[in-house]
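Overview (structure and organization)
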Amino acid sequence: MNTTNWQTVPLWSVATETRVAVDPADLGDQVVHYSIPAVDATGTGQVEATDSIKSAKLRLQGGEVLVSKLNPRKSRVLIVPNSPLPIVSSTEFVGLLPGAKLEPRFLAYFLQSEVTRQVLDSQVQSVTRSHQRVAPEDVTHLPVRLPSMDEQRRIANFLDAETARIKQIGAKRLKQMDLLTERRTAALAECVSSDGPDSIQHPLVGTVPHTWPVLPLRRVIPAVNVGVVVNPSSYFTDDGVPFIHGFNVRSGWIEPHGMKFMSHESNEELHRSRVRSGDVLVVRAGSPGRAAVVTEEYDGANCASVLILRRGRAMLPQFLSAFINSPAGRGQVQVSQYGAAQEVISAAQTLSFVAPVPDVSEQQYRVDRLNALLNKQDQVVSKLQRQASLLAERRQALITSAVSGQFDVSTASGRNVTEGVTV
């Protein structure tokens with residue numbers, strides 16, 4: 001492709017920055033508001049009552065390209081459509097109104113390209129990773145290579161079509177993930193219940209064989225401890241004894257990502273927060289109720305303020321974990337949690353939960369069957385996650401290549417863009 005006629009110009013020379021700040025209350029009862037949360041959740045703005053907006057906003061007219069100053073590596077970019085209502089945006093956005101030489105869609109794709117993301121990310125100013133910003137002039141002074149308007153439109157049309165294909169495939173993958181999540185919930189329910197001819201309906205645990213005892217957990221758990229809150233953080237080291245926080249406890253497994261470690265010579269007061277292989281950890285605060293079994297890998301680890309259900313003889317830890325994660329267990333968690341700032345369950349409340357307790361051989365059979373099913377599902381989930389990541393990478397590479405003139409979109413068919421991740 002011949003790109004010798006592409007001109008490199010500063011962005012400010014072909015687009016005008018929107019700088020008019022307004023009080024939304026001066027614009028009537030309702031406005032279309034482009035806020036960071038709304039854009040993250042829906043990809044667009046939302047209609048809001050002006051009396052609910054407490055700070056000044058940028059006044060928009062429609063047709064602007066918005067790009068976020070906040071955490072530019074996330075690449076929040078969108079084109080503002082016209083609206084019969086007044087339009088405003090958060091001052092966390094830079095609003096750019098393209099001039100006669102710049103196609104808005106080309107500008108939007110240029111701002112999403114990997115080169116632009118890297119340039120802006122290198123210019124952020126902040127002390128925290130989660131709240132890094134670029135200055136508006138960092139955006140307006142970006143050098144942009146411009147082909148003719150006809151070529152800009154061809155590039156934009158090509159990217160519209162190909163990114164739509166990628167989005168469609170991604171949506172199908174998300175649907176598959178949702179279906180697998182539903183199947184996982186159903187598998188947990190099947191593990192700890194039965195709807196055979198000899199079954200009865202229990203108000204708290206669902207349908208179970210009439211031969212299965214239904215007992216409060218205090219009858220089958222020898223002890224329950226509560227993990228400690230460690231302060232100061234200077235206890236943590238780069239290596240040593242794992243320290244399990246509530247966010248490490250997922251529904252059925254312990255997630256090592258983000259896990260901290262403590263010195264082997266930890267304070268004696270932490271002794272009661274030590275966990276043993278076979279214990280069941282239950283998240284007690286924030287989003288309470290997730291449960292996982294402590295594996296040999298974490299034997300001797302310390303834990304934060306999660307509940308530690310000690311292993312008993314009448315109930316396998318894997319069966320207990322499956323029950324707490326099942327709809328029946330989650331239902332008991334929901335009616336027991338309390339707290340205004342964050343939802344919490346107590347050790348006493350957890351011990352009052354009732355659960356089915358078939359004989360250990362039946363528990364083992366059901367746990368083995370559950371594990372076999374979940375292992376297959378996990379393999380599928382892993383493939384779907386890999387494909388989702390691959391789609392995102394290819395979308396980014398496609399945009400970057402197209403807006404930089406690395407291939408001629410007029411002859412590109414788009415084939416192989418989604419090779420290996422087709423519907």
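Here, every reference points to the structure presented above.
Please read all numbers here as calculations on a predicted model, not as lab measurements.

Now for the side chain of Ser35. Assignment of secondary structure puts Ser35 in the loop between β4 (30–34) and α1 (36–42). Here the side chain of Ser35 touches Ala38 through a polar contact of 3.2 Å, landing on its backbone nitrogen. Not counting chain neighbours up to four residues away, the residues in contact with Ser35 comprise Ser90 and Phe93.

Under the counting rule described, the total for this entry stands at one aromatic pair. With centroids separated by 5.6 Å and ring planes inclined at 70 degrees, the aromatic side chains of Phe158 and Phe407 adopt a geometry described as edge-to-face. Note that Phe158 is positioned in helix α5 (residues 149–191) and Phe407 in the segment after α9 (360–403), a separation of 249 residues in sequence.

On to the pattern of salt bridges, then. Counted by the stated rule, this structure contains 14 salt bridges. For Asp160, the salt bridge is made with Arg105, and the minimal N-O distance between the two is 2.7 Å. One end of the pair, Asp160, is in helix α5; the other, Arg105, is in helix α2 (residues 104–112), with 55 residues separating them in the sequence. Note that Arg165 and Glu162 form a salt bridge whose closest N and O atoms lie 2.9 Å from each other. With Arg165 and Glu162 both in helix α5, this residue pair falls three residues apart, about one helical turn. Using a relative accessible area of 6% as the deciding quantity, one classes Glu162 as buried. Beyond isolated ion pairs, a larger network of salt bridges with shared partners links Glu103, Arg105, Asp150, Arg153 and Asp160.

Below, the discussion takes up the environment of Glu362. Relative to the assigned elements, Glu362 resides in helix α9. C-alpha of Glu362 to C-alpha of Lys175: the two residues are 187 residues apart in sequence and 34 Å apart in space.

Looking now at the side chain of Glu103. Within the secondary structure layout, Glu103 lies in the loop between β10 (93–98) and α2. Separated by 3.0 Å, the side chains of Glu103 and Arg105 make a polar contact. Apart from the residues lying within four places of it in its own chain, the contact partners of Glu103 are Met149, Gln152, Arg153 and Ala156.

Reading across the sheet, the four strands line up as β15-β23-β19-β21 and stay open at both edges, with antiparallel pairing between neighbours. The outermost strands of the open sheet, each flanked by one partner alone, are β15 (224–226) and β21 (291–293). Going from strand to strand, the sheet's axes swing by 25 degrees on average, the running direction of each strand aside. Relative to strand β23 (residues 307–309), β15 runs antiparallel, the two being bridged by three bridges. Across the sheet, residue Asn225 finds its bridge partner in β23, namely Ile308. Where helix α6 (residues 317–325) meets the sheet, its contacts fall on β19 (280–282), β21 and β23, and the angle it forms with β21 comes to roughly 165 degrees.

With that out of the way, let us pick up the packing of α6 against helix α7 (residues 327–336). Interhelical geometry of α6 versus α7 gives an angle of 65 degrees and a closest axis separation of 4 Å. Every residue of α7 that contacts α6 at Phe323, Ile324 and Asn325 is listed here: Pro327, Ala328, Gly329, Arg330 and Gln332. Here the contact of α6 with α7 is built from residues that sort into four nonpolar, three polar and one charged.

What follows is about the sheet that holds strand β2 (residues 15–18). Across the sheet, which stays open at both edges, the four strands sit in the order β2-β10-β7-β8 with antiparallel pairing between neighbours. Only two strands of the sheet have a single neighbouring strand rather than two, namely β2 and β8 (77–79). Between one strand axis and the next, the sheet turns by 25 degrees as a mean value, whatever way the strands run. In terms of strand pairing, strand β7 (residues 65–68) meets β8 through three bridges, oriented antiparallel. The partner of Val67 across the bridge, within β8, is Val77. Each of β7, β8 and β10 is contacted by α2, which is oriented at about 175 degrees to β8, the strand it contacts most.

Procedures and definitions
- Residues numbered from 1 in each chain as written.
- Predicted model: local features only at pLDDT ≥ 70, side-chain atom pairs only at ≥ 80, totals over all residues.
- Heavy atoms only, no water.
- Helix = DSSP H or I, 4+ residues; strand = E, 2+ residues; numbered from the N terminus.
- Polar contact = N/O pair within 3.5 Å; in protein donor to acceptor, adjacent residues only side chain to side chain.
- Contact = heavy atoms within 4.5 Å.
- Phe/Tyr/Trp six-rings, centres within 6.5 Å; stacked < 30°, edge-to-face > 60°.
- Salt bridge = Lys/Arg side-chain N within 4 Å of Asp/Glu carboxyl O.
- Buried < 20%, exposed > 50% of the residue type's maximum accessible area, 1.4 Å probe, protein only.
- Pairing = 2+ DSSP bridges.
- Axes fitted to C-alpha atoms, helices over the stretch in contact; angles between N-to-C directions.
- Nonpolar A, V, L, I, M, F, W, Y, C, P; charged D, E, K, R; others polar.

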